[in-house]
Amino acid sequence: MIDVTRMNGAVLSINNNLIEMVEETPDTVITLTTGKKIIVKESRQEVKNLVKLYEKEISSNF
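A quick note: this is a predicted structure, and the numbers were derived from the prediction, not measured.

Thresholds applied
Residues numbered from 1 in each chain as written. Predicted model: local features only at pLDDT ≥ 70, side-chain atom pairs only at ≥ 80, totals over all residues. Heavy atoms only, no water. Helix = DSSP H or I, 4+ residues; strand = E, 2+ residues; numbered from the N terminus. Rg over C-alpha atoms; globule rule 2.2 N^0.38 Å. Buried < 20%, exposed > 50% of the residue type's maximum accessible area, 1.4 Å probe, protein only. Contact = heavy atoms within 4.5 Å. Lys, Arg positive; Asp, Glu negative; His and termini not counted. Salt bridge = Lys/Arg side-chain N within 4 Å of Asp/Glu carboxyl O. Polar contact = N/O pair within 3.5 Å; in protein donor to acceptor, adjacent residues only side chain to side chain. Pairing = 2+ DSSP bridges.

## Notes on the overall build of the protein chain
The helix and strand tally for the protein chain stands at one helix and five strands. The linear arrangement of helices and strands in the protein chain, starting from the amino end, is β-β-β-β-β-α. At 12 Å, the protein chain has a C-alpha radius of gyration in line with the 11 Å of a compact globule built from 62 residues. Summarising its shape, the C-alpha atoms of the protein chain cover approximately 35 × 25 × 20 Å along the three principal directions. Taking all 62 residues of the protein chain together, 27% fall into the buried category. Here the contacts in the protein chain between residues at least 6 apart in sequence split such that 33% fall between residues at least 24 apart.

As structure tokens, then:
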């Protein structure tokens, strides 16, 4: 799971396997496979980097 920040400052953990799309419109919107959309403070690139880092951590544990 990755931690992102909602626009109101609340931190939210998201299962990165449920992320379908991340777009900047100009706010960053994460669309999940469930259809739910979450607006976050992080940029699209920051979300991408968080997912990469998480996946790297998981793969290094094996």
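Back to the text.
## Overview of the side chain of Thr-28
Within the secondary structure, Thr-28 is located in strand E4 (residues 28-32). Judged by its relative accessible area of 3%, Thr-28 falls in the buried class. Contact partners of Thr-28, with chain neighbours within four places excluded, come to Val-22, Glu-23, Ile-38, Ile-39, Val-40, Glu-42, Ser-43, Arg-44 and Val-47.

## Focus on the side chain of Glu-42
Checked against the element boundaries, Glu-42 lands in the loop between strand E5 (37-40) and helix H1 (44-60). Buried charge Glu-42 goes without a salt bridge, the closest partner of opposite sign being Lys-41 at 8.3 Å. Of the polar contacts made by the side chain of Glu-42, one reaches the backbone nitrogen of Thr-5; its length is 3.0 Å. Setting aside chain neighbours within four positions, we find Glu-42 in contact with Val-4, Thr-5, Thr-28 and Val-47.

## Topic: the pairing of strand E1 (residues 2-5)
As paired strands, E1 and strand E2 (residues 11-14) are joined by four bridges and run antiparallel to one another. In the sheet register, Asp-3 faces E2, and the bridge partner there is Ser-13. Hairpin remark: E1 followed by E2, antiparallel, with five residues in the connecting loop; positive phi at Gly-9, about 95°.

Everything listed here is a matter of coordinates, which is why it stays silent on function.
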